[in-house]
Amino acid sequence: SCPRQFTALTTDQLGALATPLIGRGVAYADIDSDGDLDLLIGQAGGSARLFRNETESGHWIRLDVRKSDAITRALDCRARLTSPHPQQRRFNPTRSYLSQVEWEVTFGLGDHSDPVTVEVDCPDGSKTTFEQLSVDQLHRLTMSSQ
């Protein structure tokens with residue numbers, strides 16, 4: 001299991017997040033390529049607001065997976081990480097009103113710094129295992145042809 005710890009923050013600690021806004025769409029992406037997800041909120045009658053995640057979040061791995069033709073994105077495919085603790089992500093960027101999240105998926109690994117194995121399976125039955133993927137980087141991968 002994955003240990004999770006939540007800490008209540010004061011209004012002063014929340015900074016700009018403590019200011020009320022009327023959101024009309026939200027998206028996340030790793031804007032600054034540091035392995036943590038940043039947040040963009042569209043406002044009704046106002047400019048979009050970008051909230052950069054500057055926390056120390058431990059190790060991570062990011063995946064951009066394409067089908068065997070190396071052009072087609074692995075839409076609706078599922079990536080499964082088996083260690084250090086089981087996690088899965090679906091390659092599907094639709095999330096919110098007038099918004100799209102990034103195509104890549106991110107796995108948080110905490111203190112785990114050893115290479116990991118990821119299995120990707122798709123609704124069409126195709127499946128590929130990627131082994132010994134280094135942590136703290138984005139991997140652009142192509143599934144094997146069936």
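Summary of the structure given here.

Definitions and limits used
Residues numbered from 1 in each chain as written. Predicted model: local features only at pLDDT ≥ 70, side-chain atom pairs only at ≥ 80, totals over all residues. Heavy atoms only, no water. Pairing = 2+ DSSP bridges. Helix = DSSP H or I, 4+ residues; strand = E, 2+ residues; numbered from the N terminus. Axes fitted to C-alpha atoms, helices over the stretch in contact; angles between N-to-C directions. Disulfide = S-S within 2.5 Å. Buried < 20%, exposed > 50% of the residue type's maximum accessible area, 1.4 Å probe, protein only. Lys, Arg positive; Asp, Glu negative; His and termini not counted. Salt bridge = Lys/Arg side-chain N within 4 Å of Asp/Glu carboxyl O. Polar contact = N/O pair within 3.5 Å; in protein donor to acceptor, adjacent residues only side chain to side chain. Contact = heavy atoms within 4.5 Å. Core = buried A, V, L, I, M, F, W, Y, C linked by side-chain atoms within 4.5 Å.

With that settled, the discussion passes to the sheet that holds strand β3 (residues 49-51). Strand order in the open sheet made by the 3 strands is β1-β2-β3, with antiparallel pairing throughout. Each having just a single partner strand, β1 (23-29) and β3 make up the two edges of the open sheet. This sheet shows a mean twist of 20 degrees between the axes of neighbouring strands, independent of strand direction. Judged from the 3 bridges that link them, strand β2 (residues 38-43) and β3 form a sheet pairing that is antiparallel. From the neighbouring strand, Leu-40 faces β3, where its bridge partner is Leu-50.

This part takes up the state of the cysteines. For the coordinates displayed, the defined rule picks out 1 disulfide. What pairs with Cys-77 in a disulfide is Cys-122, and their sulfur atoms sit 2.0 Å apart. One quick way to see it: the torsion about the S-S bond of Cys-77 and Cys-122 is about 110 degrees, and its sign makes the bridge right-handed. Separated by 45 residues along the polypeptide, Cys-77 in the loop between β4 (59-66) and β5 (78-81) and Cys-122 in the loop between β8 (116-121) and β9 (127-133) bring together distant segments of the chain. Overall, Cys-122 belongs to the buried group, its relative accessible area being 8%.

What follows is about the sheet that holds β4. Taken in spatial order, the 3 strands of this open sheet run β7-β4-β10, and their pairing is mixed. For this open sheet the edge positions go to β7 (105-110) and β10 (138-142), each flanked by a neighbour on one side alone. Averaged over neighbouring strand pairs, the angle between their axes works out to 25 degrees when direction is ignored.

Bringing the side chain of Asp-38 into the picture now. Along the polypeptide, Asp-38 turns up in strand β2. Of the side chains with opposite charge, Arg-52 lies nearest to the buried Asp-38, which makes no salt bridge, at 5.0 Å. A polar side-chain atom of Asp-38 sits 3.0 Å from the main-chain amide nitrogen of Ile-31. At 2.6 Å, the side chain of Asp-38 and the backbone nitrogen of Asn-53 are in polar contact. The contacts of Asp-38, once residues within four sequence positions are left out, are Ala-27, Tyr-28, Ala-29, Asp-30, Ile-31, Asp-32, Leu-50, Phe-51, Arg-52 and Asn-53.

Judged by nonpolar contacts, the single largest core of 20 residues is most densely connected at Leu-63, Phe-91 and Val-120. Put simply, the parts of the chain that give this core at least two residues each are β4, β5, β7, β8 and β9. Sequence-distant contacts of Leu-63, defined by excluding residues within four places in its chain, comprise Ala-79, Phe-91, Glu-104, Val-105, Phe-107, Val-118, Leu-133, Leu-138, His-139 and Leu-141.

The next subject is the side chain of Arg-62. Mapped onto the fold, Arg-62 is located in strand β4. Among the polar contacts made by the side chain of Arg-62, one reaches the side chain of Thr-106 at a distance of 2.5 Å. Once residues within four sequence positions are removed from consideration, Arg-62 is found in contact with Asp-30, Gly-35, Leu-37, Glu-102, Glu-104, Val-105, Thr-106, Gln-137, Leu-138 and His-139.

This next bit is on the pattern of salt bridges. Applying the stated criterion to the full structure yields 11 salt bridges. Salt-bridge contacts for Arg-62 lead to Asp-30; the nearest nitrogen and oxygen are separated by 3.4 Å. Of this pair, Arg-62 sits in strand β4 while Asp-30 sits in the loop between β1 and β2; the two residues are 32 residues apart in sequence, bridging distant segments of the chain. The class of Arg-62 is buried, set by a relative accessible area of 5%. Classification of Asp-30 by relative accessible area gives buried; the value is 8%. Among the charged side chains, a salt-bridge network with shared partners connects Asp-64, Arg-66, Arg-73, Glu-104 and Arg-140.

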